[in-house]
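Per-entry structural report
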Amino acid sequence: MHTKDKLVQRIEQHIHALSIQIGARPTGSSANHKATDYLTRVFTENSFNVHLQEFHCIDWEQGTAALHIADDIVSVTPSPYSLPCDVQATVEVVETMAQLESANLEKKIALLRDELTQEPLMPKNFRWYNPEHHQQIITLLETKRPVAILTVSLDQEHPIPVFDDGDFDIPSAVISAHDAAIIAHKNLPVHLTITSQRKPSTGANVIARKNEAAQNKIVVAAHFDTKPGTPGALDNAAGVAVLLGLSELFQGTVPVDIGLELVTFNGEDYFSTPGQIAYFDTYNQEFGRIKLAINCDGVGLKDSKSGIFSMGLPEEYAAQVQVLVDSSERVETLEPWYQGDHMLFASAQVPTIALTSTGIFELVYTIMHTARDIPDLIDPTLIYETCVLIHAVVNL
């Protein structure tokens, strides 16, 4: 039998193990494999049947990047999954779609800014959401074949990339708007080097099940991978800690008529979401059995509340869930957001709940995917309360 204090302590241990002892765990990396082993061990210890759903992926090493203009050195950061390069070329500044359509970029370095760097471009082969104008930009660049691409960061203080795509084979790096203006003004050839590497690898979803023979099931999900270079405490060791805590709460039994499936996805922060695709392709024919899917991402932020929203719940069931939410002092209903593993289920018309922290959206550029995403940001008691809330929902 668990006690609150003991479970809170174990939640802290899980977050520390994932974000500090293992650390950054990009899909396919050795650290990612260590996280897979850790999750398997904990779920097994808590009497769940564990299945590893493997897939092929890229293990990307960021390496270094340097940009030289005459005797000056400009700070650059490789775009995630960029290929390496060592090129000397003139720079062509491209600010609009019209300029991109007419530009001659062959044997040049394309510097994208303004209209073309307002948001991240979805990976070229991303299945779930891929706007036509994103595809047009990528197709034009591949057709015009610059030797490399520089993009202005999406944030003034941090190098936020436009490209995050292991299927896009033009080397690219991120620079500040200030340095982009200097390059455009000097109009001199530049020397760009990127030493990143792509290596074939594998990853796996860790799926823990109990009472598998039940006609209906509830799926609770959280992704355990991270972007390179971030401890990923909020994003998303905290969400994984909810699932590990639940496995302890349900260590004995689950409701007799419900199967419980705890899915730690591998690849939410990877360009092509291979874990989500593997899960969908294998199990989508069984989605009709899912009474409810719950996704946990970015939960447990200190000095915040748990944020929740639902999609597609039957009216009576939604009312029962709302009673539980209303009885929880630190839970607040939010407007829907459409990024995250919950959309895998919601887009397939599965009743879905998404859980996060109410203050998480203010941290997207300053904390998430950076070295600042550390356990000190997390309130383990709030994660415990999230476990208790989900436990009550499962038992409705």
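For the structure given in this document, a descriptive report is provided here.

Here is what the cut-offs are and how they apply
Residues numbered from 1 in each chain as written. Predicted model: local features only at pLDDT ≥ 70, side-chain atom pairs only at ≥ 80, totals over all residues. Heavy atoms only, no water. Buried < 20%, exposed > 50% of the residue type's maximum accessible area, 1.4 Å probe, protein only. Helix = DSSP H or I, 4+ residues; strand = E, 2+ residues; numbered from the N terminus. Contact = heavy atoms within 4.5 Å. Pairing = 2+ DSSP bridges. Salt bridge = Lys/Arg side-chain N within 4 Å of Asp/Glu carboxyl O.

Taking burial as the measure, the ten residues of helix α7 (residues 274-283) include seven buried ones, the bulk of the element. Buried residues of α7: Pro274, Gly275, Gln276, Ile277, Ala278, Tyr279 and Tyr283, and no others. Looking at the buried residues of α7, the elements they touch are β1 (49-61), β11 (197-210), β12 (216-223), β13 (258-265) and α9 (342-346).

Another point: the pairing of strand β17 (residues 352-357). Two faces make up the sheet, and in a regular strand the side chains alternate between them. With six of six residues buried, β17 is to be regarded as a mostly interior element. By the alternation rule, side chains of β17 split into Thr352, Ala354 and Thr356 and Ile353, Leu355 and Ser357, which are all buried. Pairing of strand β14 (residues 290-296) with β17 involves four bridges; the strand directions are parallel. Paired with isoleucine 294 across the two strands is isoleucine 353, which belongs to β17. Where strand β15 (residues 306-311) and β17 come together, six bridges link them in antiparallel fashion. Paired with serine 310 across the two strands is isoleucine 353, which belongs to β17.

Moving on, we get to the pattern of salt bridges. Once the charged atoms of two side chains with opposite charge are near each other, the side chains can pair. Going through the model one piece at a time under the given rule, you end up with 17 salt bridges. Among the ionic pairs, glutamate 286 bridges to lysine 217, the shortest N-O distance being 3.9 Å. Taken together, the residues span a long stretch of sequence, with glutamate 286 in the loop between α7 and β14 and lysine 217 in strand β12 at a distance of 69 residues. Overall, lysine 217 belongs to the buried group, its relative accessible area being 6%. Notably, a salt bridge pairs arginine 330 with aspartate 379, separated by 3.2 Å at the nearest N-O pair.

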